[in-house]
Structures are given as structure tokens and as C-alpha cells.
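# Architecture at a glance
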Amino acid sequence: MIIEPRMRGFICLTAHPTGAEQNVKNQIEYVKSKGEIAGAKKVLVIGASTGFGLASRITSAFGSGASTIGVFFEKPPVEGKTASPGWYNSAAFEKEAHKAGLYAKSINGDAFSNEIKRETLDLIKADLGQVDLIIYSLASPVRTNPNTGVTHRSVLKPIGQTFTNKTVDFHTGKVSDVSINPANEEDIENTVAVMGGEDWAMWIDALKAENLLAEGATTVAYSYIGPSLTEAVYRKGTIGRAKDHLEATAFTIEDSLKSIGGKAYVSVNKALVTQASSAIPVIPLYISLLYKIMKEEGIHEGCIEQIQRLFQDRLYNGSEVPVDEKGRIRIDDWEMREDVQEKVAKLWLEATTETLPEIGDLAGYRSDFLNLFGFEVPGVDYNADTNEVVEIESIK
């Protein structure tokens, strides 16, 4: 079939397998070009199919020669209907890993559930024995707690007062004001239940209980802080409460890993175009201004550049992992540079529908968004007849 992007709001309903495969190959080539990383050799990535999770899996495999198990929840293809993009990414990753002689297996299902945890533990036990790095990179809006059976839904809301600021519809380029009503206590609790650290801790406890963590094992979860511009709706809103919980959980996990000399970190990463961030008011406008500045400064990074630098310069730099006063790894250091943020704040005041094409990088934003789904990837013939039914080798 000829596969084209079909949009509904902030979601693309189709994905392109050839574009996704080329995207993965490009990321692999980037990691290989940066040289070997003295990193972990047996890696579990929870949330492995897109964004930072996929980049972590690629960096581990092709930077350190690691065996990897990836857990994700993606929609497989059926004849006449494409898979979700993460399915095609994972199929491409496994294909390339196996070609390179690397162990790679994947599990598709709800990572919050006890069943998928059990399946993953059994696979580690059978094939790897133990793991020495666990990346936690889930970005789901909904979680059913496996112990209580309660389903929680996260919300993006400010706390205490209504938030009003500029935003942009990245499809049309129209800049407008948006207002978001404040959260109630139930909203906050639900968001923390979905996006906080409870499930991360459950994974580590389950692995530890069955002696599946190697001596000195490290676990890393991903977070974001962002600038004062987005603070009210993000870091000081419901999601911020969840991130606070995630960061506090790192200390709890590290305490539990002391017996094996293990470490737990939260890495604060850069603002990037993801399916999740595209749905957050204010963020697309902020990112389009940020991209313009960081590209001009020569310090722009996508997911793979960011994670490769995290692994090479922070996690596996041959000495102590550098952290901030709250124990977090700050790989958002280039984004949060004072000069960069001053320029963003200045452009923010000037941003209108008319000025944005000149002062921002909305074209780069749109391109990155379509890339997530395998579209607008250079070198791909989108007029070619494409087989939408692609299998992941380890999932039968």
C-alpha cells in the first residue's frame, strides 16, 4: 500500500515502516560514529520502542555491544492498517541488532501489569541470568495498578490557579492564548499514580527479589524540568508533582540496591518533540523557539544525540557520575544555559502567528513530529508500494 500521514489533532494515525527503519538505522550509525562506550552488557529497557527509551536501547547495543530486552506496548499491523510507530522501530532495531550478532528480544504488553513483569523476569532468567542496567522510560497517560485494580488517568493541569499563556498549533502555525483550569486533589493523585515512581520501584523490587540484578547494577529513569516559561503548567503542575515523586523514588530504590552496590538515577533530559510533548499546550511554541536558538548555537540534540552523550559523558565516563544538588543527572545543561534561556524568553514576547516563521523553527518541529511516525525521513521513497505487515523477529 502507499502509506501517507493521516492526522487527527496531535496524533498521526498511520506510521511508515520503511521510514521508521531508516530512522533507526540513522540512529545506529550515529552511535557507532561516536565510538565505543564502556557501558552495561545486559540491559533491560522498559518503554523501549520510541524516544529516549529507543535511543537508550540503540546506544546500549551499538555503543557497548549489549544484549538488550525491550518492553513496550505497541499496536501490531494488520493487513490494510499500519502498526503504531514503536512497533516498526522495534522490528527495525531487532533486525539490525541480529545482523550485528547482538542478542535482542522484545516483549509487547502493558509494562504496568504483573503478567508482563513476570514474562520479562522469566526471559531474563532464561537468557541473560542477570541485568546490569535498567532503563525506565514509560510515557503512558493511563495506568491500572496491578495490586488494587484501580485505573488512573494523568492530566496536565496547573495547581492552585488557572494558567494562561501562548501556544501554537504546529500544523497551522497559528499562535493563540490558551487557558487551563487548575487541578483538584484527585487529579494530582491520579497523575502521580501514572507518572510517578511507584511502578519503577515495583520493577526493581521484582528483579531484586529473584536475584536478577547484577552486582553494581544501575537503573535510570527520565525526567524533565524546563524553563520558567512552562513552570506553572509543567514543573509546578500535576506532571511536576509526578516528577517530584519519581525523583524521590530514586533515593528509595538506591537504598534498596545498597546490598549489591547498585545505583539509581533520574536523568533530567532536554525538551524534545515527542507524541506526549506535542499534546502539551505551550510546549510546541517553546520548543520551536528553543530549536532555532540551539541550532544557531550548534548545540541542538535529538533523542539519540542526547542519550549517547548521557551514556558516554555521564553514566560511563570512567569516574563518578556528576549530579546536581538534588542527586539528578543534568543532561539538559545546554538547553538550560543562561544565554539560551534569555534568548528564548525574549523571542517568546515577540512570538505571533506572523513572526513565528522568522523567529522560530516550526518547520523543524513539524519535521521532527512526522519523523516520529516514519514520515519525511530523507532517502525514503514515499510513493513506493510498501508492505505494512512487518513482524518483530522475537515476537511470534
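In what follows, the structure referred to is the one given above.
A brief structural summary. (Residues numbered from 1 in each chain as written. Predicted model: local features only at pLDDT ≥ 70, side-chain atom pairs only at ≥ 80, totals over all residues. Heavy atoms only, no water.)

### Things to note about the overall build of the protein chain
Test applied: The helix and strand labels rest on DSSP assignments: H or I over at least four residues marks a helix, E over at least two residues marks a strand, and numbering proceeds from the N terminus. Only protein chains enter the area calculation, which uses a 1.4 Å probe; residues under 20% of their type maximum are buried, those over 50% are exposed, and those in between are partly exposed. In what follows, residue pairs with any heavy atoms lying within 4.5 Å of each other are defined as contacts. Note that accessible areas follow from Shrake-Rupley with a 1.4 Å probe, and for residues the cover is restricted to the protein chains shown. As used throughout, the charge tally considers Lys and Arg to be positive and Asp and Glu to be negative, leaving His and the chain termini uncounted. Where a charge lies is defined by one atom per residue type: Lys uses NZ, Arg uses CZ, Asp uses CG and Glu uses CD.
Scanning the protein chain for helices and strands turns up 14 helices and 13 strands. Taking the principal axes of the C-alpha coordinates as reference, the protein chain spans close to 60 × 50 × 45 Å. With 396 residues in all, the protein chain has 56% of them scored as buried. At a minimum sequence separation of 6, the contacts of the protein chain that also span at least 24 residues come to 77%. Accessible surface, the protein chain: about 16,800 Å² in total, of which carbon and sulfur atoms supply 51%. The average position of the 41 basic charges and that of the 55 acidic charges among the side chains of the protein chain differ by 1 Å.

### Let's talk about the packing of aromatic side chains
Which entries qualify depends on this criterion: Here a Phe, Tyr or Trp ring, Trp counted by its six-membered ring, pairs with any other such ring whose centre lies within 6.5 Å, and the pair is stacked when the planes are under 30 degrees apart, edge-to-face when over 60, and tilted otherwise. Geometrically, a charge over a ring is one whose NZ (Lys) or CZ (Arg) sits within 6 Å of the ring centre while staying within 35 degrees of the ring normal.
If you walk through the whole model with that rule in mind, you get 9 aromatic pairs. Taken together, a centroid distance of 5.0 Å and an interplanar angle of 50 degrees make the contact between F170 and Y365 tilted. Separated by 195 residues along the polypeptide, F170 in the loop between β9 (163-169) and β10 (174-180) and Y365 in helix α14 (residues 362-372) bring together distant segments of the chain. Like Y365, F170 is buried. Members of the aromatic cluster, each reached through a chain of ring pairs, are F170, Y365, F369 and F373. The ring of W334 carries R309 above its face, with NZ or CZ at 3.6 Å from the centroid.

### Remarks on the sheet that holds strand β3 (residues 42-46)
This is how it is decided: At least two DSSP bridges between two strands are needed for those strands to be called paired. Every axis in this analysis is a line fitted to C-alpha atoms, fitted for helices over the stretch in contact. Angles between the N-to-C directions lie between 0 and 180 degrees.
Pairing is parallel in the open sheet, where 7 strands are placed in the order β5-β4-β3-β6-β11-β12-β13. Whereas interior strands pair on both sides, the edge strands pair on one side only; in this sheet they are β5 (104-108) and β13 (329-330). In terms of strand pairing, strand β11 (residues 213-223) meets strand β12 (residues 263-268) through 6 bridges, oriented parallel. Each bridged residue has a counterpart across the sheet, and for V220 the counterpart in β12 is Y265. The strands touched by helix α8 (residues 238-257) are β11 and β12; relative to β11, the strand with the most contacts, the crossing angle is about 175 degrees.

### Focus: the pattern of salt bridges
Formally: Criterion for a salt bridge: a side-chain nitrogen of Lys or Arg within 4 Å of a carboxyl oxygen of Asp or Glu.
Applying the stated criterion to the full structure yields 27 salt bridges. Across the salt bridge formed by D122 and R118, the nearest N and O atoms sit 2.9 Å from each other. A residue pair is termed a helical-turn pair when its members lie 3 or 4 positions apart in one helix, as D122 and R118 do in helix α4 (residues 114-128) at 4 residues. A relative accessible area of 38% means that D122 is categorised as partly exposed. Note that D255 and K258 form a salt bridge whose closest N and O atoms lie 3.2 Å from each other. The class of K258 is exposed, set by a relative accessible area of 58%.

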